[in-house]
Amino acid sequence: MMESSAWISIAAVCFTGAAVPGPSLAVVIKNTVSGGRMQGVMTGVGHGIGVGIYAFGAVVGVSALVASVPGVNRAIEVVGGLYLLWMGAQALRHAGKSTNEHAPNGGRTGFVEGFTVAFLNPKIAVFFLALLGSFLPVDASTIERAGVAGLAMLIDIAWYVFAALLLATTGAAGWLATQGLWVDRLFGLLLVGIATFLIVVG
């Protein structure tokens, strides 16, 4: 049976991985500002489920296959980069055009974008393989391994949902929305830059 110290260590590493700023946080912020609270929250939920797929994949060995085949890994990176490039181009194209916070498809849009950004990031697979190898006891049961994957997914969802709610409830999202043109341009350029890096460098 896993000791509590192992669970705490795994939780701390998962939280650190989720909290590091990157394209995921940029997408959550962008959706919260442009689409409102629900779209931001659902972006976090979608991202967490995408992360959860890699986490459970690490438990059953699928993530090892993704990480060990350079062609597959690189192909996913390029597709992910192209998707971020498309998102960045859309943000630049529609810069300054506000969207309705209560739009009926806002939550679905956020969920799809959050999930896709996570799922098209194969580095998450490598992260969970390293996590399992470093902190998970070799004699951990299948239930404990699934529990670790579930914990990782919940931590990711909680962090990005918290970020969206913090933006929405403190008024930061509203203020940023009033600066729509420049905020959209900033996030558009940021996503294009990250996308270019993923496509060219990997």
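Keep in mind the model is a prediction, meaning the values are calculated, not measured.

Our focus in this paragraph is the overall build of the protein chain. Each helix and strand in the protein chain was counted, giving 10 helices and 0 strands. Ordered by position from the N terminus, the helices and strands of the protein chain form the series α-α-α-α-α-α-α-α-α-α. For the protein chain, the proportion of its 202 residues judged to be buried stands at 44%. As displayed, the protein chain offers around 10,100 Å² of accessible surface, 72% of which is attributable to carbon and sulfur atoms.

What follows is about the packing of aromatic side chains. Within this structure, the stated rule accounts for 7 aromatic pairs. Arranged with centres 6.5 Å apart and planes meeting at 5 degrees, the rings of F111 and F115 form a pair that is stacked. Here the residue F111 and the residue F115 both occupy positions in helix α6 (residues 106-119), the gap between them amounting to 4 residues, near one helical turn. Between F115 and F119, the ring centres sit 5.5 Å apart and the planes meet at 10 degrees, which makes this aromatic pair stacked. Residue F115 and its partner F119 are located together in helix α6, separated by 4 residues, close to a single helical turn.

So, on to a nonpolar patch on the surface. Side chains of I49, I53 and F119 sit close together on the surface and give an oily, nonpolar patch of about 220 Å² of accessible area. Looking at the element boundaries, I49 is found in helix α3 (residues 37-60).

What follows is about the pattern of salt bridges. Within this structure, the stated rule accounts for 1 salt bridge. E113 is the partner of K30 in a salt bridge, and the nearest nitrogen-oxygen pair spans 3.6 Å. Of this pair, K30 sits in helix α2 (residues 23-35) while E113 is found in helix α6, placing the two residues 83 residues apart along the sequence.

M2, I10, C14, L84, M87, F128 and L136 are the most contacted members of the largest nonpolar core, which totals 46 residues. Elements represented by at least two residues in this core include exactly α1 (4-19), α2, α3, α5 (70-93), α6, α7 (123-135), α8 (142-170) and α10 (180-200). The element that contributes the greatest number of residues to this core is α8, accounting for 10 residues. Look past the residues within four positions of L136 in its chain and what remains in contact with it is M2, I10, L131, R145 and V148.

Interaxial distance between α2 and α8 falls to 10 Å at its minimum, and their mutual angle equals 35 degrees. Judged by the twist between their axes, the crossing of α2 over α8 is right-handed. Counted together, S24, L25, V28, I29 and T32 of α2 and Y160, A163, A164, L167 and A168 of α8 form the full contact between these two elements. Looking at the contact of α2 with α8 residue by residue, the classes come out as 8 nonpolar, 2 polar and no charged.

Along its 16 residues, α1 runs 22 Å from first to last C-alpha, staying within 8% of the 22 Å computed at 1.5 Å per residue. By the burial criterion, the buried members of α1 are A6, I10, C14 and A18. Each buried residue of α1 sits inside an arc of 100 degrees when the element is viewed along its axis, so together they form one side. Relative to its buried face, α1 has exposed residues pointing more than 90 degrees away, namely S4 and I8.

On to the confidence of the model for the protein chain. When pLDDT is averaged along the protein chain, the result is 81; 83% of the residues meet or exceed 70. Of all helices and strands in the protein chain, the one with the weakest mean pLDDT is helix α4 (residues 62-68) (63), whereas α8 scores best (92).

Residue classification places K30 among the buried residues on the basis of a relative accessible area of 13%. Within the local environment of K30, its side chain forms a polar contact with the side chain of N31, the two groups lying 3.1 Å apart. Apart from the residues lying within four places of it in its own chain, the contact partners of K30 are M87, A91, E113, F187 and L191.

Reading guide: rules and limits
Residues numbered from 1 in each chain as written. Predicted model: local features only at pLDDT ≥ 70, side-chain atom pairs only at ≥ 80, totals over all residues. Heavy atoms only, no water. Helix = DSSP H or I, 4+ residues; strand = E, 2+ residues; numbered from the N terminus. Buried < 20%, exposed > 50% of the residue type's maximum accessible area, 1.4 Å probe, protein only. Areas by Shrake-Rupley, 256 points an atom, 1.4 Å probe, with all protein chains shown as cover. Phe/Tyr/Trp six-rings, centres within 6.5 Å; stacked < 30°, edge-to-face > 60°. Patch = residues over 30% accessible without salt bridge, like charges linked within 9 Å, V, L, I, M, F, W, Y side chains within 5 Å. Salt bridge = Lys/Arg side-chain N within 4 Å of Asp/Glu carboxyl O. Core = buried A, V, L, I, M, F, W, Y, C linked by side-chain atoms within 4.5 Å. Contact = heavy atoms within 4.5 Å. Axes fitted to C-alpha atoms, helices over the stretch in contact; angles between N-to-C directions. Left-handed = near helix turned anticlockwise from the far one by under 90°. Nonpolar A, V, L, I, M, F, W, Y, C, P; charged D, E, K, R; others polar. Expected span 1.5 Å × (residues − 1). Arc of directions from axis to C-beta. pLDDT = per-residue confidence, 0-100. Polar contact = N/O pair within 3.5 Å; in protein donor to acceptor, adjacent residues only side chain to side chain.

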